[in-house]
Amino acid sequence: IDEDDQSNGEEPSEDDEQTDDEESDGEEQPEEEQPEEEALERDEDGYLLISESGDLAEITAQPSEDFRLTESLDLTGVDQEQLAPEGFTGTFDGAGHTITGYTSDVGGLFAENSGTLRNLGLADAMVTNQAENTGLLVDTNRGTVEEVWTSGEITGQATVGGVVGYSYGTVTDTYSTADVTADG
């Protein structure tokens, strides 16, 4: 019998047995990739649900997704960054809720919208900067803004709006009672 032949009728020792975790060359097998768990729940329409101010960061992380508010949010005293500063292409459905107290020296809640922002109130917002194309809700709109209202104050250099700073898109059934000042 050949010495390399382990089929000599003897039971293999524990040292000879390989576990399922080892490949035949002794390297560990990579773990199977688990599907990444989403940070937010989805509703029956597939929208990611936002229920607290901290959830808004997911809009920046996933700017092409669809989001829906499940309740009104108060951002008073919260250091809220602009959402999706590289551009938003999904849908943000406020579901009739209100975001209150947004404050920024950079610009509107969204920097650029190429998606849909709808069914939302933005109350007591304050944006003050020296930029052009500044709006309380969105600085530059290339998508759709519908059924939105805003209140508060906004000051910018030029092309300043209570809802949208500059729009290449569509704005319908929307109004603002905000104080608007263009310094330029």
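Above this text sits the structure in question.
Fair warning: this is a prediction, and the values are worked out from it, not measured in the lab.

Cut-offs and rules
Residues numbered from 1 in each chain as written. Predicted model: local features only at pLDDT ≥ 70, side-chain atom pairs only at ≥ 80, totals over all residues. Heavy atoms only, no water. Core = buried A, V, L, I, M, F, W, Y, C linked by side-chain atoms within 4.5 Å. Buried < 20%, exposed > 50% of the residue type's maximum accessible area, 1.4 Å probe, protein only. Helix = DSSP H or I, 4+ residues; strand = E, 2+ residues; numbered from the N terminus. Contact = heavy atoms within 4.5 Å. Salt bridge = Lys/Arg side-chain N within 4 Å of Asp/Glu carboxyl O. Phe/Tyr/Trp six-rings, centres within 6.5 Å; stacked < 30°, edge-to-face > 60°. Polar contact = N/O pair within 3.5 Å; in protein donor to acceptor, adjacent residues only side chain to side chain. Pairing = 2+ DSSP bridges.

Draft legend 1. Spotlight on the nonpolar core. Counting residues in each nonpolar core, the largest one holds 32 residues, and the members touching the most others are I50, I59, F92, I99, F110 and L137. When contributions to this core are tallied by element, the ones reaching two or more residues are strand 1 (48-50), strand 2 (66-69), strand 8 (116-128) and strand 11 (144-156). Considering each element in turn, this core owes the most residues, five residues, to strand 8. Leave out the neighbours within four places in its chain, and L137 touches G108, L109, F110, L117, L120, L122, V145, V148 and V163.

Draft legend 2. Main features of the pattern of salt bridges. Applying the stated criterion across every chain yields a total of six salt bridges. Close ionic contact of D45 with R68 constitutes a salt bridge, the shortest N to O distance being 3.1 Å. With D45 in the segment before strand 1 and R68 in strand 2, this pair connects stretches of sequence that are 23 residues apart. Residue classification places R68 among the buried residues on the basis of a relative accessible area of 15%. A salt bridge links D93 to R118, with the shortest nitrogen-to-oxygen separation between them at 3.9 Å. A residue pair is termed long-range when its members are at least 10 positions apart, and D93 in strand 4 (residues 91-93) and R118 in strand 8 qualify at 25 residues. On the accessibility criterion, D93 (8% relative accessible area) is buried. Note on R118: relative accessible area 23%, which makes it partly exposed. In the salt-bridge network here, residues are joined through shared partners; they are D43, D45, R68, D93 and R118.

Draft legend 3. Structural view of the packing of aromatic side chains. The tally for this structure, following the rule as stated, stands at four aromatic pairs. Pairing F67 with F88 gives two aromatic rings, centres 6.5 Å apart and planes at 40°, and the pair type is tilted. Placement of F67 in strand 2 and of F88 in the loop between strand 3 (73-74) and strand 4 is noted, with a sequence separation of 21 residues between them. Both residues of the pair, F67 and F88, count as buried. For the ring pair F88 and F110, a centre distance of 5.3 Å and an interplane angle of 55° mean the geometry is tilted. Here F88 is found in the loop between strand 3 and strand 4, whereas its partner F110 is found in strand 7 (residues 110-113), with 22 residues between them in sequence. F110 shares its class with F88; the two are buried. Through pairs of rings, three or more aromatic residues link up here, namely F67, F88, F92 and F110.

Draft legend 4. Fine view of the side chain of R68. Polar contacts involving the side chain of R68 include one to the side chain of D93, which spans 3.1 Å. For R68, the residues in contact, after removing those within four places along its chain, are D43, D45, Y47, L48, L49, I50, D93, A95 and R118.

Draft legend 5. Region of the structure containing the environment of A95. Inspection of the secondary structure assignment puts A95 in the loop between strand 4 and strand 5 (98-100). Along the sequence, A95 and F67 sit 28 residues apart, while their C-alpha atoms lie 9.9 Å from each other. Other than its neighbours up to four places away in sequence, A95 contacts R68, L69 and N119.

Draft legend 6. Local environment of the pairing of strand 8. Strand direction decides the pairing type here: strand 4 and strand 8, joined by three bridges, are parallel. What sits directly across from T91, in strand 8, is T116. Pairing analysis gives three bridges linking strand 5 to strand 8, with the strands arranged parallel. Bridging from a neighbouring strand, T98 pairs with G121 of strand 8. Summarising the sheet, strand 6 (residues 103-104) and strand 8 pair through two bridges and their orientation is parallel. Considered in strand 8, the bridge of S104 is made with V127. Sheet topology places strand 8 next to strand 11; 10 bridges connect them, and they run parallel. Bridging across to strand 11, G121 finds its partner in W149.

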